[in-house]
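# Results of the structural survey
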Amino acid sequence: PAPPNPFLVKSLMTGAAEGGLKILRARWPQARRIAVVCGGGNNGGDGYVLARLARAAGLDALVLASVPPEKLGGDARRAQVEWLAAGGSAHPFAAHALPGSDVIVDALLGIGLSGAPRPDSLTVIRAINAARRPVLALDIPSGLDADTGAVTDAAVHAEITVCFVALKSGLLLGSVMMLVHLNQQDIAQRVHNAWLRTLEEGVHTYEIYTEDTRKEK
């Protein structure tokens with residue numbers, strides 16, 4: 001198979017980050033400081049782009065990297081380089097830095113997770129939940145299986161999940177089903193309306209809202 005087109009991937013990352021930031025600012029208009037927790041894959045790349053755009057928009061964006069820069073590759077590495085070139089810094093993940101933020105952005109694992117998160121990722125997930133700050137998850141809450149909705153050990157409790165390109169079935173199945181809350185509206189109608197709205201805006205995202213996301217299991 002042909003390798004992915006880096007220009008297309010960059011465009012998709014930028015669109016994803018723009019959509020995520022737009023929803024973050026609409027949901028939390030008073031937020032001034034965000035903590036973006038970035039992993040080592042393309043989900044982390046989305047996080048680096050979102051942090052760069054947030055910084056350009058005047059927000060204080062703190063990037064907490066769960067993977068050292070030298071271990072990044074491909075599109076995630078390019079996104080991180082662009083973040084650094086824009087004047088940003090990538091700090092090693094530190095749980096104590098999370099409570100000082102107005103909103104946490106979960107860009108840790110994404111849709112590639114199969115099975116239990118690695119111990120280091122599990123530590124980060126638990127720290128995000130323990131911080132008891134509002135969380136915006138990019139594409140899927142870290143620790144949640146995007147296909148089945150299964151949670152092994154722990155998953156990020158996100159107040160809003162912004163899905164890119166397509167709604168992830170795992171958000172409507174398994175363990176997460178008890179958390180899905182769509183303001184008493186029918187799920188299919190809400191998803192349909194969100195899809196139409198974001199198509200009009202040129203950003204392919206879904207917004208999934210969860211209820212009582214701060215309660216630890």
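Residues numbered from 1 in each chain as written. Predicted model: local features only at pLDDT ≥ 70, side-chain atom pairs only at ≥ 80, totals over all residues. Heavy atoms only, no water.

### Re the overall build of the protein chain
Scanning the protein chain from N- to C-terminus turns up 5 helices and 7 strands. Starting at the N terminus and walking to the C terminus, you meet the elements of the protein chain as α-β-α-β-α-β-β-α-β-β-α-β. Put simply, the protein chain has 217 residues, and 49% of those count as buried. Contacts in the protein chain between residues at least 24 apart in sequence constitute 78% of all its contacts with a sequence separation of at least 6. Of the accessible surface of the protein chain, which amounts to about 10,300 Å², a share of 55% is contributed by carbon and sulfur atoms. (Helix = DSSP H or I, 4+ residues; strand = E, 2+ residues; numbered from the N terminus. Buried < 20%, exposed > 50% of the residue type's maximum accessible area, 1.4 Å probe, protein only. Contact = heavy atoms within 4.5 Å. Areas by Shrake-Rupley, 256 points an atom, 1.4 Å probe, with all protein chains shown as cover.)

### Points about the environment of Val67
Within the element layout of this structure, Val67 appears in the loop between β2 (60–65) and α3 (74–85). For Val67, a relative accessible area of 16% translates into the label buried. It is 9.3 Å that separates the C-alpha atoms of Val67 and Gly41, two residues lying 26 residues apart in sequence.

### Considering the packing of helix α2 (residues 42–56) against α3
At a minimum axis separation of 8 Å, α2 and α3 run at an interaxial angle of 20°. By the angle between their axes, α2 is roughly parallel relative to α3. In this structure, the crossing between α2 and α3 has a hand that is left-handed. Packed against α2, whose contacting residues are Asn42, Gly45, Tyr48, Val49, Ala51, Arg52 and Arg55, the element α3 presents Asp75, Ala76, Ala79, Gln80, Glu82 and Trp83 at the interface. (Axes fitted to C-alpha atoms, helices over the stretch in contact; angles between N-to-C directions. Parallel < 35°, antiparallel > 145°, perpendicular 65-115°, else oblique. Left-handed = near helix turned anticlockwise from the far one by under 90°.)

### Observations regarding the environment of Arg118
Among the secondary structure elements, Arg118 is positioned in the loop between β4 (103–107) and α4 (119–131). Overall, Arg118 belongs to the exposed group, its relative accessible area being 54%. Residues Arg118 and Gly143 lie 25 residues apart in sequence; the distance between their C-alpha atoms is 9.7 Å.

### Description of the nonpolar core
Nonpolar side chains in soluble globular proteins generally cluster together in the buried interior. Among the nonpolar cores identified, the biggest contains 34 residues, and Ile34, Val36, Tyr48, Leu50 and Leu136 are the most heavily contacted of them. Secondary structure elements with two or more residues in this core: α1 (6–27), β1 (33–38), α2, β2, α3, β4, β5 (135–138) and β6 (160–164). In contact with Leu50, other than residues within four places in its own chain, are Ala17, Gly20, Leu21, Ile34, Val36, Val105 and Leu138. Core analysis: the second largest hydrophobic core is formed by 19 residues, Ile104, Ile128, Ala154 and Ala158 among them. (Core = buried A, V, L, I, M, F, W, Y, C linked by side-chain atoms within 4.5 Å.)

### Describing the confidence of the model for the protein chain
Per-residue confidence for the protein chain gives a mean pLDDT of 76; residues scoring 70 or more make up 69%. Predicted confidence for residues 1–9 stays below pLDDT 50, and this span has 5 contacts to residues more than four positions away or in other chains. Taken as a whole, residues 175–217 scores under 50 in pLDDT and shows 81 contacts with residues more than four places along the chain or in a different chain. (pLDDT = per-residue confidence, 0-100.)

### A few points about the pattern of salt bridges
Side chains that differ in sign of charge can pair as their charged atoms come close. Going through the model one piece at a time under the given rule, you end up with 5 salt bridges. In this structure, Arg78 and Asp75 form a salt bridge, with 2.6 Å as the shortest nitrogen-oxygen distance. You can see Arg78 and its partner Asp75 sitting in helix α3, 3 residues apart, about one turn around the helix. Owing to a relative accessible area of 43%, Arg78 belongs among the partly exposed residues under this scheme. Judged by relative accessible area, which is 13%, Asp75 ranks as buried. Across the salt bridge formed by Asp120 and Arg118, the nearest N and O atoms sit 3.4 Å from each other. (Salt bridge = Lys/Arg side-chain N within 4 Å of Asp/Glu carboxyl O.)

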